[in-house]
Amino acid sequence: MDELIKLVVEKTGISEEMATVAVNTVIEFLKERLPEPLAGRLDDVIEGADLTGIGDLVSGLGGLLGGK
C-alpha cells in the first residue's frame, strides 16, 4: 500500500498523511461494494501478494457488470 500512497502523493501533491486517508477511504469503499470473492482479496491485490486464481474472479466480475 505504501507504493500506492507514494503514487497519490506524486500525482496530486498532497501530503503523505492526506494520501493515506484518501487511499484507505477508497479501499474501504471498494470492499463495501465489490462482490465478496473480490472484496476479500483486495488487500492481497494492493500488497502484491500471490494472486493465483484471481483471473477467474475478475472474469466473473465482468459478467456481473454486464461484460462478456
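Residues numbered from 1 in each chain as written. Predicted model: local features only at pLDDT ≥ 70, side-chain atom pairs only at ≥ 80, totals over all residues. Heavy atoms only, no water.

K.L.:
Tell me what's going on with the nonpolar core, and back it up with residues and numbers.
P.N.:
Where a protein is soluble and globular, its nonpolar side chains tend to be buried together. One finds Ile5, Val8, Ala19, Val23, Ile27 and Leu42 forming the largest nonpolar core, which totals six residues. At the level of secondary structure, the elements contributing two or more residues to this core comprise helix H1 (2-12) and helix H2 (16-33). Beyond its immediate sequence surroundings of up to four residues, Ile27 is in contact with Met1, Leu42, Asp43 and Ile46. (Core = buried A, V, L, I, M, F, W, Y, C linked by side-chain atoms within 4.5 Å. Buried < 20%, exposed > 50% of the residue type's maximum accessible area, 1.4 Å probe, protein only. Helix = DSSP H or I, 4+ residues; strand = E, 2+ residues; numbered from the N terminus. Contact = heavy atoms within 4.5 Å.)

K.L.:
Give me the lowdown on the packing of H1 against H2, citing residues and values where you can.
P.N.:
Axis separation between H1 and H2 bottoms out at 9 Å; the angle between their running directions is 120°. For the element pair H1 / H2, the angle class is oblique. Both H1 and H2 take part in a crossing whose hand is right-handed. Each of Leu4, Ile5, Val8 and Val9 in H1 lies in contact with H2, whose residues at this interface are Glu16, Ala19, Thr20 and Val23. Along the lines of polarity and charge, the residues of the contact of H1 with H2 split into six nonpolar, one polar and one charged. (Axes fitted to C-alpha atoms, helices over the stretch in contact; angles between N-to-C directions. Parallel < 35°, antiparallel > 145°, perpendicular 65-115°, else oblique. Left-handed = near helix turned anticlockwise from the far one by under 90°. Nonpolar A, V, L, I, M, F, W, Y, C, P; charged D, E, K, R; others polar.)

K.L.:
An account of a negative patch on the surface is needed here, citing residue identities and associated values.
P.N.:
Residues Asp2, Glu16, Glu17 and Glu47 make up a contiguous surface patch of negative charge. Residue position: Glu16 is located in helix H2. (Patch = residues over 30% accessible without salt bridge, like charges linked within 9 Å, V, L, I, M, F, W, Y side chains within 5 Å. Areas by Shrake-Rupley, 256 points an atom, 1.4 Å probe, with all protein chains shown as cover. Salt bridge = Lys/Arg side-chain N within 4 Å of Asp/Glu carboxyl O. Lys, Arg positive; Asp, Glu negative; His and termini not counted. Charge placed at Lys NZ, Arg CZ, Asp CG, Glu CD.)

K.L.:
So what's going on with the environment of Thr20? Residues and values would help.
P.N.:
Locating Thr20 in the fold gives a position in helix H2. Linking Thr20 and Met1, residues 19 residues apart in sequence, is a C-alpha distance of 8.9 Å.

K.L.:
So what about the pattern of salt bridges? Which residues, and what values?
P.N.:
The full count for this structure, using the stated rule, is four salt bridges. Measuring nitrogen to oxygen at the nearest pair gives 3.2 Å for the salt bridge that ties Arg33 to Glu32. Arg33 gets classed as exposed once you look at its relative accessible area, which sits at 53%. Residue Glu32 is classed as exposed on the basis of its relative accessible area of 60%.

The values are spatial; any link to function lies outside them.
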